[in-house]
Amino acid sequence: QVQLVESGGGLVQAGGSLRLSCAASGPTFNNYAMAWFRQAPGKEREFVAAISSGGGRTSYADSVKGRFTISRDNAKNTVYLQMNSLKPEDTAVYYCAVRRGSAVSSYSSRYDYWGQGTQVTVSS
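Given the structure is predicted, the values throughout are model-derived calculations rather than measurements. (Residues numbered from 1 in each chain as written. Predicted model: local features only at pLDDT ≥ 70, side-chain atom pairs only at ≥ 80, totals over all residues. Heavy atoms only, no water.)

Topic: the side chain of Arg67
Along the chain, the position of Arg67 falls in the loop between strand 6 (58–60) and strand 7 (68–73). Taking the relative accessible area as the measure of exposure, Arg67 reaches 10% and is therefore buried. A polar contact is formed between the side chain of Arg67 and the backbone oxygen of Ser85, at a distance of 3.0 Å. The residues touching Arg67, leaving out its near neighbours within four places in the chain, are Gln82, Met83, Asn84, Ser85, Leu86, Lys87 and Asp90. (Helix = DSSP H or I, 4+ residues; strand = E, 2+ residues; numbered from the N terminus. Buried < 20%, exposed > 50% of the residue type's maximum accessible area, 1.4 Å probe, protein only. Polar contact = N/O pair within 3.5 Å; in protein donor to acceptor, adjacent residues only side chain to side chain. Contact = heavy atoms within 4.5 Å.)

A short note on the pattern of salt bridges
Taken as a whole and assessed by the stated rule, the structure comprises five salt bridges. Between Glu46 and Arg38 there is a salt bridge, with the nearest N and O atoms lying 2.6 Å from each other. The partner of Arg100 in a salt bridge is Asp112, and the shortest N-O contact between them spans 3.3 Å. Here Arg100 is found in the loop between strand 9 (92–99) and strand 10 (113–114), whereas its partner Asp112 is found in the loop between strand 9 and strand 10, with 12 residues between them in sequence. Note on Arg100: relative accessible area 55%, which makes it exposed. (Salt bridge = Lys/Arg side-chain N within 4 Å of Asp/Glu carboxyl O.)

Considering the sheet that holds strand 3 (residues 18–25)
Spatial strand order, 1-3-8-7: four strands in an open sheet with antiparallel pairing. Only two strands of the sheet have a single neighbouring strand rather than two, namely strand 1 (3–7) and strand 7. Here the average twist between neighbouring strands, direction ignored, is 15°. Two strands pair when backbone bridges link them, and strand 1 and strand 3 are joined in this way by five bridges, in the antiparallel orientation. What sits directly across from Leu4, in strand 3, is Ala24. (Pairing = 2+ DSSP bridges. Axes fitted to C-alpha atoms, helices over the stretch in contact; angles between N-to-C directions.)

Focus on the packing of aromatic side chains
For the structure shown, the criterion picks out four aromatic pairs. Measuring from ring centre to ring centre gives 5.1 Å for Phe37 and Trp114, while their planes differ by 55°; the resulting arrangement is tilted. You can see Phe37 sitting in strand 4 (residues 33–39) and its partner Trp114 sitting in strand 10, a full 77 residues away along the chain. Accessibility expressed as a relative area gives 27% for Trp114, which makes it partly exposed. A network of ring pairs unites the aromatic residues Phe37, Phe47, Tyr111 and Trp114 as a single cluster. Above the plane of the ring of Trp114 lies Arg45, whose end atom (NZ or CZ) is 4.7 Å from the centre. One residue, Arg72, lies across the ring of Phe29, its end atom 4.6 Å from the ring centre. (Phe/Tyr/Trp six-rings, centres within 6.5 Å; stacked < 30°, edge-to-face > 60°. Lys NZ or Arg CZ within 6 Å of the ring centre and 35° of its normal.)

Things to note about the nonpolar core
Grouped together as the largest cluster of nonpolar side chains are 37 residues, with contacts concentrated most on Leu4, Met34, Trp36, Leu81, Met83 and Tyr94. Listing elements by their share of this core, those giving two or more residues are strand 3, strand 4, strand 5 (46–51), strand 7, strand 8 (78–83), strand 9 and strand 11 (118–123). Residues contacting Met83, with those up to four places away along its chain left out, are Gly16, Ser17, Leu18, Leu20, Arg67, Phe68, Tyr94 and Val120. (Core = buried A, V, L, I, M, F, W, Y, C linked by side-chain atoms within 4.5 Å.)

Structural data, given as structure tokens:
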């Protein structure tokens, strides 16, 4: 069983930055791809970014390319999402997810474990 705990959310002005962290428990973290998704009020959950098990491959939603960076530290069982140049439309609950596979995916149905989420609010 994998447990995920997100942190780092908060309130920031447009143009600012935040770094989200997701700490994972479980002995096989190094074998799993990780991702971030987000869900804004009244909207469906959407893909943000993913990283392969070894960290060598990443994937981003078009809406965050060039502004967000996903990374992982397997020694710390942690995945990060560095968010720069934040916009009000980035406001959402951000969720960390793990899939029992090494490759990245943008489909939420392919992820097996989910965190509780952390709120990010960007004011204009």
